[in-house]
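Listed below, chain by chain, are the residues.
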Amino acid sequence: MTYESPLRRPLITGKTSYKQITDDIAGPVEAKPTKWWTYGFAVSFAALCLYLFSVGYLLFTGVGVWGLNKTVDWGWDITNFVFWVGIGHAGTLISAVLLLFRQKWRTAVNRSAEAMTIFAVVCAGMYPLLHAGRPWVIYWGLPLPNTFGSLWVNFNSPLLWDIFAISTYFSVSLVFWYVGLIPDIATIRDRATGLSKTIYGVLSFGWNGSAKAWSRFEVVSLILAGLSTPLVLSVHTIVSFDFATSVIPGWHTTIFPPYFVAGAIFSGFAMVLTLLIIARKAMRLEHLITLNHIDVMCKIIMVTGSIVGSAYITEFFIAWYSAVEYERYAFINRAFGPYWWAYWSMMTCNVITPQLFWSRKLRRNLLAVFIISIFVNIGMWFERFVIIVTSLHRDYLPSSWAMYSPTWVEISMFVGSFGLFFTLFFLFAKFLPVIAIAEVKTVVKTSSEEFIAETAKKDGIQVPIEVD
Amino acid sequence: MGHAHIPEIKAEKYVVPARLKTISYALIGLGLIALVAGYFMNHERGLASMLFNNFYFLGLSVAGIIFLALQAVTNAAWSVGFRRIPEAMTTFLPIAGVFMILFAVVAYFGHFYHWMHHGITDINSPEYDEIIAKKAGYLNFPFWIVRIIAAIGIWIIFATIIRKNSLLEDEVGGIAILKKNKTMSAMFIVFYAVTWAMFSWDTLMSIDPHWFSTIFWVYQFANIWVSGVSFIAIVVVLLRRAGYFHIINENHLHDLGKLIFAFSIFWTYIWLSQFLLIYYAHIPEETIYYVERFESYKPFFFLNLALNFISPFLLLMTRDAKRKENSLILVAAIVMFGHWHDLWLTVMPGAVGHEAHSGPFGLAELGGAAFFGGLFLLVVFNNLAKVNLVPVKHPYLKESLYHAI
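From a predicted model like this one, the values you see are computed outputs, not experimental measurements.

Helix and strand counts for chain A come out as 18 helices and zero strands. Relative to the compact-globule value of 23 Å for 468 residues, chain A shows a C-alpha radius of gyration of 24 Å, a close match. Long-range pairs, those at least 24 residues apart, make up 81% of the contacts in chain A with a sequence separation of at least 6. Carbon and sulfur atoms make up 71% of the accessible area of chain A, which totals about 19800 Å². Between the centroid of the 34 positive side chains of chain A and the centroid of its 27 negative side chains there is a distance of 7 Å.

Looking now at the interface of chain A and chain B. Counting residues at the interface gives 44 residues for chain A, matched by 52 residues for chain B. When the two sides are added together, the surface that chain A and chain B hide from each other amounts to roughly 4100 Å², 67% of it contributed by carbon and sulfur. Taken together, the links from chain A to chain B amount to three salt bridges. For the salt bridge of Asp-459 of chain A with Lys-398 of chain B, the shortest nitrogen-to-oxygen distance reads 3.1 Å. The interface formed by chain A and chain B holds 17 residue pairs in polar contact (both at pLDDT 80 or more) in total.

Once that is clear, we can look at the pattern of salt bridges. Residues and elements named next belong to chain A. Counted by the stated rule, this structure contains 27 salt bridges over all chains. The partner of Arg-189 in a salt bridge is Asp-190, and the shortest N-O contact between them spans 2.9 Å. Overlapping salt bridges, with partners in common, bring together Lys-19, Asp-23, Glu-30 and Arg-191 in one network.

Quick look at helix α15 (residues 363-385) of chain B now. In a regular helix each residue adds 1.5 Å, so 23 residues correspond to 33 Å; α15 of chain B covers 32 Å between its end C-alpha atoms and thus fits that length. The buried fraction of α15 of chain B is high, at 17 of 23 residues.

Residue and element names in this part refer to chain A. Note on placement: Thr-79 falls in helix α3 (residues 76-87). A relative accessible area of 0% means that Thr-79 is categorised as buried. Within the structure, the side chain of Thr-79 is placed 2.7 Å from the backbone oxygen of Gly-75, a separation counted as a polar contact. In this structure, Thr-79 is in contact with Trp-381, Arg-384, Phe-385 and Ile-388, ignoring residues within four places of it in sequence.

Moving on, we get to the nonpolar core. By size, the foremost hydrophobic cluster in this structure holds 282 residues, and its most contacted members are Trp-84 and Phe-269 of chain A together with Phe-82, Phe-112, Tyr-113, Trp-155 and Phe-199 of chain B. When residues in this core are grouped by element, the largest group, 18 residues, is from helix α8 (residues 216-241) of chain B. Structurally, this core is a two-domain feature, drawing no fewer than three residues from each of domain 1 (1-14 + 444-468) and domain 2 (18-443) of chain A. Among residues more than four places away in sequence, those in contact with Tyr-113 of chain B are Leu-51, Phe-103, Ala-107, Trp-144, Asp-202, Thr-203, Ser-206 and Ile-207 of chain B.

Residues and elements named next belong to chain A. Along its 27 residues, helix α2 (residues 35-61) runs 39 Å from first to last C-alpha, staying within 8% of the 39 Å computed at 1.5 Å per residue. Every buried residue of α2 is accounted for by Trp-37, Gly-40, Ser-44, Ala-47, Leu-48, Tyr-51, Ser-54, Val-55 and Leu-58. Those residues of α2 that are buried are in contact with α5 (106-131) and α15 (408-431). Positioned one or two residues after α2, Gly-62 has a phi angle of 120 degrees, which is positive.

With that settled, consider the side chain of His-393 of chain A. All names here are of chain A. Take His-393: it is sitting in helix α14 (residues 366-393). A distance of 3.2 Å separates polar atoms of two side chains, one belonging to His-393 and the other to Asn-333. Look past the residues within four positions of His-393 in its chain and what remains in contact with it is Thr-71, Val-72, Asn-333, Pro-338, Tyr-339, Ser-400, Trp-401, Ala-402 and Met-403.

Residue and element names in this part refer to chain B. Its identity is not glycine, yet His-111 carries a phi of approximately 50 degrees, on the positive side. For His-111, the position within the fold is in the loop between α4 (93-110) and α5 (130-134). Within the chain, Phe-245 stands out as a residue other than glycine whose phi angle is a positive 55 degrees. Position of Phe-245 among the secondary structure elements: in the loop between α8 and α9 (250-281).

Time to look at a nonpolar patch on the surface. Taken together, the side chains of Tyr-139, Trp-140, Leu-142, Leu-144, Leu-151, Trp-152, Phe-155, Ile-163 and Phe-164 of chain A define a hydrophobic patch exposed on the protein surface, amounting to about 810 Å² of accessible area. Checked against the element boundaries, Leu-151 of chain A lands in the loop between α5 and α6 (158-191).

To continue, consider the environment of Thr-187 of chain A. Residue and element names in this part refer to chain A. Of note, Thr-187 is situated in helix α6. Judged by its relative accessible area of 22%, Thr-187 is partly exposed. C-alpha separation for the pair Thr-187 and Trp-161, spaced 26 residues apart in sequence, amounts to 40 Å. If near-sequence neighbours (up to four positions away) are discounted, Thr-187 is found in contact with Thr-22 and Ile-437. Engagement of the side chain of Thr-187 in a polar contact is seen with the backbone oxygen of Pro-183, the distance being 3.0 Å.

With that settled, consider the packing of aromatic side chains. Residues and elements named next belong to chain B. Taken as a whole and judged by the stated rule, the model has 112 aromatic pairs over all chains. Taking 5.4 Å as the distance between ring centres and 85 degrees as the angle between the ring planes, the aromatic pair formed by Phe-301 and Phe-302 counts as edge-to-face. Given the relative accessible area of 43%, Phe-302 is considered partly exposed. Against the face of Tyr-289 rests Arg-293, its NZ or CZ located 3.6 Å from the ring centre. In this structure, Lys-322 packs its charged tip against the face of Phe-261, placed 5.2 Å from the ring centre.

Rules behind the numbers
Residues numbered from 1 in each chain as written. Chains lettered and ligands numbered in written order. Predicted model: local features only at pLDDT ≥ 70, side-chain atom pairs only at ≥ 80, totals over all residues. Heavy atoms only, no water. Helix = DSSP H or I, 4+ residues; strand = E, 2+ residues; numbered from the N terminus. Rg over C-alpha atoms; globule rule 2.2 N^0.38 Å. Contact = heavy atoms within 4.5 Å. Areas by Shrake-Rupley, 256 points an atom, 1.4 Å probe, with all protein chains shown as cover. Lys, Arg positive; Asp, Glu negative; His and termini not counted. Charge placed at Lys NZ, Arg CZ, Asp CG, Glu CD. Buried area = accessible area lost by both parts, 1.4 Å probe. Salt bridge = Lys/Arg side-chain N within 4 Å of Asp/Glu carboxyl O. Polar contact = N/O pair within 3.5 Å; in protein donor to acceptor, adjacent residues only side chain to side chain. Expected span 1.5 Å × (residues − 1). Buried < 20%, exposed > 50% of the residue type's maximum accessible area, 1.4 Å probe, protein only. Core = buried A, V, L, I, M, F, W, Y, C linked by side-chain atoms within 4.5 Å. Domains from an automatic or database assignment. Patch = residues over 30% accessible without salt bridge, like charges linked within 9 Å, V, L, I, M, F, W, Y side chains within 5 Å. Phe/Tyr/Trp six-rings, centres within 6.5 Å; stacked < 30°, edge-to-face > 60°. Lys NZ or Arg CZ within 6 Å of the ring centre and 35° of its normal.

See below:
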């Protein structure tokens, strides 16, 4: 026996049925690609080609083609690595943490957010791989038995912990995402004919929809959610250790781990909104990914943005409070030194813009949400740039001071990495169901507009009532 | 679950048992004697005890508002049945505030905080400390006491409004109050973040005035939050045993258990973030904090982790452990003691140096705990008894009756 208050907002609007939901979600997979999909894919693929070209040039010529110098020896490479890892966090948060918090709205967005996680981690993983200069010997980064001479990994290094963290994160996210897909792929298989029936048949691992299969499916999902939850925290915590374990002022500060995690979720949700605002419109899924979904995601952006903002202010204050000359200078230099524009871009985009979401009107204005989500993406990129470059460029000795700017190789690799990301996302949106069909059906009997109206009638309550 | 019996909503009132009153008065009386005696035996230690014990119970009150605020902004229904407990917890705030001001005045005259010494910021004085002089813009008595009063004042205002609205709802019903409290709660969270950060720096971090850590306020939040949820869990279980709360079932306990479990891990995460980064970077002005605690307080350093991480992690791992009353309150009691102990470990090395090591849980500490603890119990349960135990007209109450996980 369950009961859900009719005061809660609907998660499925309009009239709907189980059959209708299947048709709506499986439709785009079965239909021919639309004109807009083709254009979008073409642009993304062009950017991917730029990526491949610049990576090829990098590998043939050497890492020296980047703009790094003796003082700023980490630049766009690790900035973009952290940027992409961060983007990935929303997917895991939605699929694992929100599952634990029984947030039913996650059912409409978890699939695409998880897909985004995987693609973002692919983009991120390319940076350490390429930074090694010789990606074909990247396995030297793993603690393999010592058969290659005297090579051995440094277990004390957070960079090594990063390899473990990211590879675990990637594997678990991939498995979680794919396991969730199996029943939906089977649904597509059952509706398909010919070659696609065979392909989706193989991909569905012979799913037969029996009670036993569902029971196993539930158990596996729960175990994977349990494994993913600590991973959400651990991955960006260890990324933050890359900086915070050092003695560099501006890098070494104890608030880094939770603040990086909050920042990652912040940027991840911004990217989810950027993608879904377009996808729900293009694929006509507005009744399943409703304004109420957008509204709550905006609230998450506002909360995580405020956490990030309070971490910035704490850092700044404690730098002054510490009375350590170098700490104080690092932060003054951030705000008023030669990279002041990066710092103030970060502050504006990350601290001020999310505060606009206090307004309910703005949370429900798609154009405004879309623009703010882009601002947050930009701000979070600047955050990493500020932390990395401005903390390094003025070394302890003024004779070592240097400025850094990226070369065309770094720029085209970054632009190209969006090509990689969007190419993968377009392929996903065309060939796999973007919403978890089986999961979204579970909220029909609790949270659809029709069902809520029925409950309200029984309870004698007038709906809709706006509680928030 | 399928055929669970859904209880009827009935107005209930809690009656404070005479025994609880006697115990509270006895704790207050004996505690006061011990605290005062402890103070005259050693001023620093007496003051330190007054500070950390008052902080602990004030923290429980603040955790009460945080609980209400978080449930309000997330539209949570499961906790509605027992929301009068966190509401009652907040009523201790004014008393804790009075004692905090009393402490501040005595601390000022007794130079409890090293930065309060006369001449410490005066370059011509033999007491001159260059580092503290650089912080004098923030660490000076007038500004310090204004911040403390402002912080507690703001919490009292929000707690009073939220509780008053909630009590009014018992009479008028409807959703207007739900909405109003949601707005108040969102505002509280914003104010809380700022005031709590400063409050934890002012009262605790500045005991070691050269030391600094950006995560410190998050760590103190984790401390009081786990203790607060544990206190709620204990009271819910004990009231159920005393025949109240028919509307609370093991599903509600399960969620309280999950919160204790999850936030004990969160506490450990924050603990590790602070410890590991300081340990790894090995910068002397930062490591000093852990050197003191590791060298002179070694057993307690490890006991802290055993109480606050290993116990809840192992004992509350299973579903059953969270749903059974005995295991739930056992763990809740362990972590409540654990976080009290953690606070002791935060305050003592800076306040009295190695001294507390020889007789760790001395007269002053136990006296302080008894005094403030007795006062807290007396105030909280008296205020709980004055109002309806169940918020009968809360819009989400019906949903919370069906809560099943």
